[in-house]
Amino acid sequence: MIGRVLVLTTVIALLLASCVTYSDKDRLKTRDFKDFETWHKINIEPLTGDGDGFLQGKHLENEGIREVYTNRIGQPVFQGDSSLPFPSGTIIVKDTYYIDKDQTKGRRWNITVMRKRNPGYDPEHGDWEYVTAGPRKGVRHQGTMELCIDCHIVADKDYVFTCR
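These numbers were taken from a predicted model, which means no experiment stands behind them. (Residues numbered from 1 in each chain as written. Predicted model: local features only at pLDDT ≥ 70, side-chain atom pairs only at ≥ 80, totals over all residues. Heavy atoms only, no water.)

**Q** I would appreciate a short explanation of the overall build of the chain in the present structure.
**A** Scanning the chain from N- to C-terminus turns up three helices and seven strands. Reading the chain from its N end, one meets helices and strands in the order α-β-β-β-α-β-β-β-β-α. Burial analysis of the chain (164 residues in total) assigns 40% to the buried set. Partitioning the contacts of the chain with sequence separation of at least 6, the portion at a separation of at least 24 is 53%. (Helix = DSSP H or I, 4+ residues; strand = E, 2+ residues; numbered from the N terminus. Buried < 20%, exposed > 50% of the residue type's maximum accessible area, 1.4 Å probe, protein only. Contact = heavy atoms within 4.5 Å.)

**Q** Is there a simple way to think about the side chain of Asp95 in this case?
**A** Looking at the secondary structure, you find Asp95 in strand S4 (residues 91-99). Judged by relative accessible area, which is 0%, Asp95 ranks as buried. Side-chain polar atoms of Asp95 contact the side chain of Tyr97, separated by 2.7 Å. In terms of polar contacts, Asp95 uses its side chain to reach the side chain of Arg108, at 2.7 Å. (Polar contact = N/O pair within 3.5 Å; in protein donor to acceptor, adjacent residues only side chain to side chain.)

**Q** Before we go on, may I ask you to explain the pattern of salt bridges in this structure?
**A** Two side chains of opposite charge can pair, provided their charged atoms sit close to one another. Going through the model one piece at a time under the given rule, you end up with nine salt bridges. Across the salt bridge formed by Glu67 and Lys105, the nearest N and O atoms sit 3.3 Å from each other. Of this pair, Glu67 sits in strand S3 (residues 64-70) while Lys105 is found in strand S5 (residues 105-116), placing the two residues 38 residues apart along the sequence. For Arg115, the salt bridge identified is with Glu129, shortest N-O distance 2.6 Å. Taken together, the residues span a long stretch of sequence, with Arg115 in strand S5 and Glu129 in strand S6 (residues 128-133) at a distance of 14 residues. Overall, the relative accessible area of 13% leaves Arg115 in the buried class. Overlapping salt bridges bring together Glu37, Asp95, Arg108 and Lys137 as one network. (Salt bridge = Lys/Arg side-chain N within 4 Å of Asp/Glu carboxyl O.)

**Q** Help me out: how do you make sense of the side chain of Asp122 in this one?
**A** The topology assignment puts Asp122 in the loop between S5 and S6. Although Asp122 lies buried, it forms no salt bridge, and the closest oppositely charged side chain, Arg117, sits 9.9 Å away as judged by the N-O distance. Excluding residues within four positions of it along the chain, Asp122 makes contact with Asp127, Thr144 and Ile149. (Lys, Arg positive; Asp, Glu negative; His and termini not counted.)

Such coordinate-based values are descriptive only and should not be taken to indicate function.
Right, dumping it as structure tokens:
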């Protein structure tokens, strides 16, 4: 009996995961951002803390160090050579680390990614796709994730906080 329940639970979980994760043929893959550390780094100094309380426990808040990168498509906007909104294909990666006891960057905690999709993907939210990846860059969740949208909807620069 326990074996049947386990098998049934596993099958249901796999079916649900396939519906959510693989229904979009243009979904972001690890290979699309695996070398992000070589991209244009947006923040000069690592981002730490949560002085205004906006993170509300997300992205390690005061216990984390965050570094943000963009690919070549989004780089001109961050450098002021192109205007908003970001062009389709822009990828922005936030790399989050624990803070070590000596207040330096510790082990990687999480990677979050925003990718600007083609018009029509999610027009109510700027056509951004959100992705969470683990420390080894494996995609965990992606799509129009409400948790991400609820936070980024208040950014007045095309849903991006680190933009000029």
